[in-house]
Amino acid sequence: EMKRRSLYMTLCAALAGRMHADAFGSTCFATILSEPLSSSVSSLRPSIAGLLSITNKDKASFVLHKKAQTVCHGWVQRSDGEWEWKEDDPNYNPPAVAVMDDATLYDDDDTTIFQSSVPESKAAPKLPSGTFRPKQSLGQNFLQDGNTISKIVRAFEKDARETIKTRKGGGDIESESPGLRAVELGPGAGALTGPLVETFGTDDLQCIEIDPRSVELLGEEYPALRVTHLDVLQVDYPAMAKKEGGPLSVIGNLPYYITSQILFALADASHFGAVRSATVTMQWEVALRVVAPSHCKDYGILSVVFQLYADCELHFKIPPTVFYPKPKVDSALIGLRFIGPSALRRRLAGVNPTDLRRVVTTTFQQRRKTVRNTLKKLAIEVCDGDKEAATKLLNTVPEAPPSVLKAQEEGDKFALTQVLPPDWNRKRPEELSAGQFIEITRLIFGSSDENTLEFDKKVWRKLKHGTN
């Protein structure tokens, strides 16, 4: 047996050298490697000899046979270049799921804080078959578990209802008309849309979808529902909120590859009070970055931005099995309850968000270096090339402005994290809170009157996304 193994490895090594740069040979070589080690040498010789004698004509025939349909981890490329999920089965029925028997949400001490009006899930949604297959180019992974869908809609209703501001006498605030104004991003096959329509009706719900197949499908299923054929990255939330009569509440099963850009667009929209809440799914690792505390490896730009702009909550983890097709990673549902422009102004205390963005992105681009080293170039630029003045600036320990000190006296949790320690310039970015980044920005760029500070329409989202 040892001789057989030795000869087998020798032959494989020789074959690898022969076919090093040959993709076709590599495929065949992988077939040989899959043969059991215990097989006899005589059984191996014909296979290897056959491979070494393959002609170019044989290779061309093999390539032509595969050209019509290329398979990659469950995705099939059509003749027009689009990738579709290959396991789409017209007779596919999702497995039965358990039904949640309690629609009441509780806080940490088991006190009832919210009674949901979302109906209980009694069956998994029926996914469309035939030509409606998930597209890889759109990052489509359809929800197929009824229980998970109900939990998502309940969490969305909780986030949205608890962010509706009320007057002392009751009712909505004067600057907005009554109503929830729900917006679903990327409804796809409509797994979330059905429960949303049943819960809120079509008057308080609209959808944004880039896939024309989904637009047609939802139009047939819910004729009264407003479905806009549009890329979610191009949505003008302030204009939409103005048209609808007040802040929007966003829900969506977001594509992984554009999650951050969608979140940044929502953050910019909150400058004008256009979005009050967002309850969205995303990759588990991205969700951890949003809610990560300082002093950990997950803490980064997403953490700083959304812990400044919103109260963040990781609702629950979502396994791959509830999606079709199944992603290779876990997901999570995140709730973002935006604090609104007035509270944001108080936190910034006159600091311009555009200046804050420069400081945050500059430091986290070299997160292993100290803040003093990463901000040196920026400080020199602000000091008009005076290196001594820049060094002195970065060695200063600034005092918080009166408004921040007052908020600290009142016990404001965010304000209590804004104090810069004496050695702040020797720390790495993950060791600084969102409030401390505000104070560093104030030190470098200065600040203005928080009551007159005007927010730019685009700070965190890309300039090519949305209207200017």
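Please refer to the structure placed before this passage.
Keep in mind that what you see is a predicted model, and the values were worked out from it rather than measured.

Chemist: Would you mind going over the overall build of the chain with me for this structure?
Modeler: Scanning the chain for helices and strands turns up 18 helices and 14 strands. Counting across all 468 residues of the chain, residues that qualify as buried make up 47%. Long-range contacts, defined as pairs at least 24 residues apart, comprise 68% of the intrachain contacts of the chain with a sequence gap of at least 6. For the chain, the accessible surface area stands at approximately 23,800 Å², while carbon and sulfur atoms represent 52% of it.

Chemist: When you look at unusual backbone geometry in this model, what are you seeing that I'm missing?
Modeler: For residues that are not glycine, phi is negative in most cases, and the peptide bond is trans in most cases. A positive phi is found at Arg181, a non-glycine position, where the angle reads about 60°. With respect to the helices and strands, Arg181 occurs in the loop between helix H5 (146-161) and strand E7 (182-185). Looking at Arg181, the relative accessible area reads 6%, which means it is buried. Despite not being glycine, Asp384 shows a phi value in the positive range, around 55°.

Chemist: What's the story with the packing of aromatic side chains in this structure? I'm lost.
Modeler: The geometry of an aromatic ring pair is captured by two quantities: the separation of the ring centres and the angle between the planes. Across all of its chains, the model carries 6 aromatic pairs by this definition. Relative to Trp460, the ring of Phe264 has its centre 6.3 Å away and its plane inclined at 20°; by these criteria the two rings are stacked. Placement of Phe264 in helix H9 (residues 259-269) and of Trp460 in the segment after helix H18 (434-445) is noted, with a sequence separation of 196 residues between them. The pair formed by Phe264 and Trp460 is uniform in burial state, with each residue classed as buried.

Chemist: Looking at this model, I keep getting lost on the pairing of strand E14 (residues 331-338). Mind explaining?
Modeler: Two faces make up the sheet, and in a regular strand the side chains alternate between them. The element E14 is largely enclosed, with a buried count of 8 among its 8 residues. Taking every second residue as pointing to the same face, both faces of E14 are buried, with Ser331, Leu333, Gly335 and Arg337 on one and Ala332, Ile334, Leu336 and Phe338 on the other. Direction of pairing for strand E11 (residues 275-283) relative to E14: antiparallel, over a ladder of 7 bridges. Paired with Gln283 across the two strands is Ser331, which belongs to E14. Note that strand E12 (residues 310-318) and E14 share 8 bridges and pair antiparallel. Residue Phe316 lies in a different strand from E14, and its bridge partner there is Leu333.

Chemist: Sorry if this is basic, but what is going on with the sheet that holds strand E10 (residues 248-253) here?
Modeler: By definition, the strands of a sheet pair up through backbone hydrogen bonds, in either a parallel or an antiparallel sense. Taken in spatial order, the 7 strands of this open sheet run E9-E8-E7-E10-E11-E14-E12, and their pairing is mixed. Two strands bound the open sheet, and with one partner strand each, they are strand E9 (226-229) and E12. Ignoring strand direction, the axes of neighbouring strands in this sheet form an average angle of 20°. Where E10 meets E11, 6 bridges bridge the pair, whose relative direction is parallel. Across the sheet, the residue bridging to Leu248 is Val275, located in E11.

Chemist: Got a minute to help me understand the pattern of salt bridges in this structure?
Modeler: Close approach of charged atoms allows side chains with opposite charge to pair. Under the counting rule described, the total for this entry stands at 12 salt bridges. Linking Glu313 and Arg337 is a salt bridge whose minimum nitrogen-to-oxygen distance equals 3.5 Å. Note that Glu313 is positioned in strand E12 and Arg337 in strand E14, a separation of 24 residues in sequence. With relative accessibility at 16%, the residue Arg337 sits in the buried group.

About the cut-offs
Residues numbered from 1 in each chain as written. Predicted model: local features only at pLDDT ≥ 70, side-chain atom pairs only at ≥ 80, totals over all residues. Heavy atoms only, no water. Helix = DSSP H or I, 4+ residues; strand = E, 2+ residues; numbered from the N terminus. Buried < 20%, exposed > 50% of the residue type's maximum accessible area, 1.4 Å probe, protein only. Contact = heavy atoms within 4.5 Å. Areas by Shrake-Rupley, 256 points an atom, 1.4 Å probe, with all protein chains shown as cover. Phe/Tyr/Trp six-rings, centres within 6.5 Å; stacked < 30°, edge-to-face > 60°. Pairing = 2+ DSSP bridges. Axes fitted to C-alpha atoms, helices over the stretch in contact; angles between N-to-C directions. Salt bridge = Lys/Arg side-chain N within 4 Å of Asp/Glu carboxyl O.

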